[in-house]
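Per-entry structural report
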Amino acid sequence: MKKLLYISAFAILIGSCRKDSDGFEANTGSYDHSQSVGNSANDLLSSKTYQSLTVEILYMPGFALNSSTTTHLTNFLNARLNKPGGVNIQSREIPATSNSVLNITQVRDLETSNRKAFAGKTNMAITILITNGTYTDANVLGVAYRNTSAALFGKLIHDNSGGVGQPSRYTLEASVLEHEVAHLLGLVDIGTKMVANHKDASHGNHCSNQNCLMYYASETTDVLTALIGGSIPSLDTDCLNDLKGNGGK
């Protein structure tokens, strides 16, 4: 199977994935937003401490999310999270970066300079950064790199969607975005324990079900063909049961 174009690069140093969460401290007040991916899964899923969620979308000029992508993400989160206060998505344009290729430190620095949404007394927060640069691994479209942080590489998504023989912009955007957000929710087996074993151990923290949103092949060019004229992959029963077991619904 070719691996020329990744749909996401979940930041874990297992298999093909990475976790780039060391060495960064943010000015986050009382909540530590500089933890490893998955460490805030229960805070995001349950209503035990946080009754609502703010999703801060920071995009560079020309790379705002499709409105249908935002709607689908809202529905995705409302269906999975126990947040009686609801999910609030806030989008804001930030200055473009002059770097055509970004490493994880530069991604973190961009977030540090622009992030305004942090956890409060009863409201949890995550930030999604959408850049105009590519990643150091030129095939990567998205990374989940801290407990409440992920990034999408907008140019690469745009270059591979919306044209003849390509998936729609909305379908590819939403698939990448929700795959990364699901990693923040602790899937697969990082912060959210498995109810039954469905981890594809050969490919890092991904699901063994090839039809699931969290299947590892969603990181390859295979997914581009699968998404043409198709729909955004859903979480399978095992992933849903995991989320429910960690405070979700």
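Note on numbering: residues in each chain are counted from 1, in written sequence order. For a predicted model such as this one, the threshold for reporting local features is a pLDDT of at least 70, and the threshold for listing and counting side-chain atom pairs is 80 or more; totals across whole chains, interfaces and linings nevertheless cover every residue. Side-chain figures throughout are based on the complete set of non-hydrogen atoms in the structure, without hydrogens or water.

Some thoughts on the packing of aromatic side chains
Stacked, tilted and edge-to-face are the three classes applied to pairs of Phe, Tyr and Trp rings, where Trp contributes its six-membered ring and a pair requires centres within 6.5 Å; stacked means planes under 30 degrees apart, edge-to-face means over 60, and tilted covers the rest. This model, assessed by the stated rule, comprises 2 aromatic pairs. Aromatic side chains Y31 and Y50 sit 5.9 Å apart centroid to centroid with 85° between the ring planes, which places their arrangement in the edge-to-face category. Of this pair, Y31 sits in the segment before α1 (41-45) while Y50 sits in the loop between α1 and β1 (52-59), and the two are 19 residues apart along the sequence. We classify Y50 as buried; its relative accessible area is 9%. Strands here mean DSSP runs of E at least two residues long; helices mean DSSP runs of H or I at least four residues long; both are numbered from the N terminus. Whether a residue is buried, partly exposed or exposed follows from its accessible area with a 1.4 Å probe, protein chains only, as a fraction of its type maximum: under 20%, in between, or over 50%, in that order.

Comments concerning the pairing of strand β4 (residues 123-131)
For β4, the buried fraction is high: 9 of the 9 residues fall into the buried class. Two strands pair under a simple rule: DSSP has to find at least two bridges between them. Sheet topology note: the β1/β4 ladder contains 8 bridges and is parallel. Looking at β4, one finds that L53 is bridged to M124. Bridge count between β4 and strand β7 (residues 149-153): 5 bridges; the pairing is parallel. Bridge pairing in β7 links T127 to S149.

Some words on the nonpolar core
As used in this record, nonpolar core signifies buried Ala, Val, Leu, Ile, Met, Phe, Trp, Tyr and Cys residues forming a set joined through side-chain atoms within 4.5 Å. By size, the foremost hydrophobic cluster in this structure holds 47 residues, and its most contacted members are L53, V55, L77, I128, M214 and L235. Looking at which element gives the most residues to this core, the answer is helix α5 (residues 169-184), with 6 residues. Two residues qualify as a contact provided that any one of their heavy atoms is within 4.5 Å of a heavy atom in the partner residue. Beyond its immediate stretch of four places on either side in the chain, V55 contacts L73, L77, V87, N88, I89, Q90, I126 and I128. Judged by nonpolar contacts, the second largest core, of 14 residues, contains L129, Y135, V140 and F153.

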